[in-house]
Amino acid sequence: MATASLVRGILGVLGGCCLFGLPCILAVILGHLAMRETRDGTRSGHGMAVAGLVLGYIFVGPMIAFTVMVFFGSVLTAATPTP
């Protein structure tokens, strides 16, 4: 899960705008699950889980804001009468 979190975080950095932040959300979810798995130190991948979380959290906020702005912009444009 740590590797998947890191890969999703990288995908979110490279193409998150096109995918509306979905890889970043998956990176955060998988990163938290991997942190839980690697907490006691018997499994490796703690650093990758942290890196996935950092990349996910850095880009999940702006991507959610961008998605909301696009959605509300399209709704307001459709609801506004044109003269």
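Bear in mind the structure is a predicted one, so any value in this text is a computation, not a measurement. (Residues numbered from 1 in each chain as written. Predicted model: local features only at pLDDT ≥ 70, side-chain atom pairs only at ≥ 80, totals over all residues. Heavy atoms only, no water.)

J.: What am I meant to see in the packing of helix H1 (residues 2-15) against helix H2 (residues 22-37) here?
T.: For any two helices packed against each other, one specifies the inter-axial angle together with the distance between the axes. Direction vectors running N to C along H1 and H2 enclose 155 degrees, while the axes themselves pass 8 Å from each other. Viewed along their axes, H1 and H2 adopt a mutual orientation that is roughly antiparallel. When the axes of H1 and H2 are compared, the crossing they make is left-handed. Every residue of H2 that contacts H1 at Ala 2, Ala 4, Ser 5, Arg 8, Gly 9, Leu 11 and Gly 12 is listed here: Pro 23, Cys 24, Leu 26, Ala 27, Leu 30, Gly 31 and Ala 34. Class assignment of the residues belonging to the contact of H1 with H2 gives a composition of nine nonpolar, four polar and one charged. (Axes fitted to C-alpha atoms, helices over the stretch in contact; angles between N-to-C directions. Helix = DSSP H or I, 4+ residues; strand = E, 2+ residues; numbered from the N terminus. Parallel < 35°, antiparallel > 145°, perpendicular 65-115°, else oblique. Left-handed = near helix turned anticlockwise from the far one by under 90°. Contact = heavy atoms within 4.5 Å. Nonpolar A, V, L, I, M, F, W, Y, C, P; charged D, E, K, R; others polar.)

J.: It is not clear to me how the packing of H1 against helix H3 (residues 46-79) should be interpreted in this structure. Could you clarify?
T.: In contact at an axis separation of 8 Å, H1 and H3 are set at 30 degrees when each is read in the N-to-C sense. In terms of axis orientation, H1 runs roughly parallel to H3. The handedness of the crossing between H1 and H3 comes out as left-handed. Every residue of H3 that contacts H1 at Ala 2, Thr 3, Ser 5, Leu 6, Gly 9, Ile 10 and Val 13 is listed here: Met 48, Ala 49, Ala 51, Gly 52, Leu 53, Leu 55 and Phe 59. A per-class count over the contact of H1 with H3 returns 10 nonpolar, four polar and no charged.

J.: Can you walk me through H3 in this structure?
T.: Since the α-helix turns once every 3.6 residues, residues separated by three or four places project in the same direction. Between its first and last C-alpha, H3 extends 48 Å over 34 residues, near the 50 Å set by a 1.5 Å rise per residue. The largest bend along H3 measures about 30 degrees and falls at Val 60, with the proline Pro 62 one to four residues further on. What H3 keeps buried is the set Ala 49, Gly 52, Leu 53, Gly 56, Val 60 and Met 63. Buried residues belonging to H3 abut H1 and H2. (Expected span 1.5 Å × (residues − 1). Bend = angle between axes of the 7 residues up to and from the residue. Buried < 20%, exposed > 50% of the residue type's maximum accessible area, 1.4 Å probe, protein only.)

J.: Looking at this structure, I do not really get the side chain of Ser 5. What am I missing?
T.: Inspection of the secondary structure assignment puts Ser 5 in helix H1. A distance of 3.4 Å separates a polar side-chain atom of Ser 5 from the backbone nitrogen of Gly 31. (Polar contact = N/O pair within 3.5 Å; in protein donor to acceptor, adjacent residues only side chain to side chain.)

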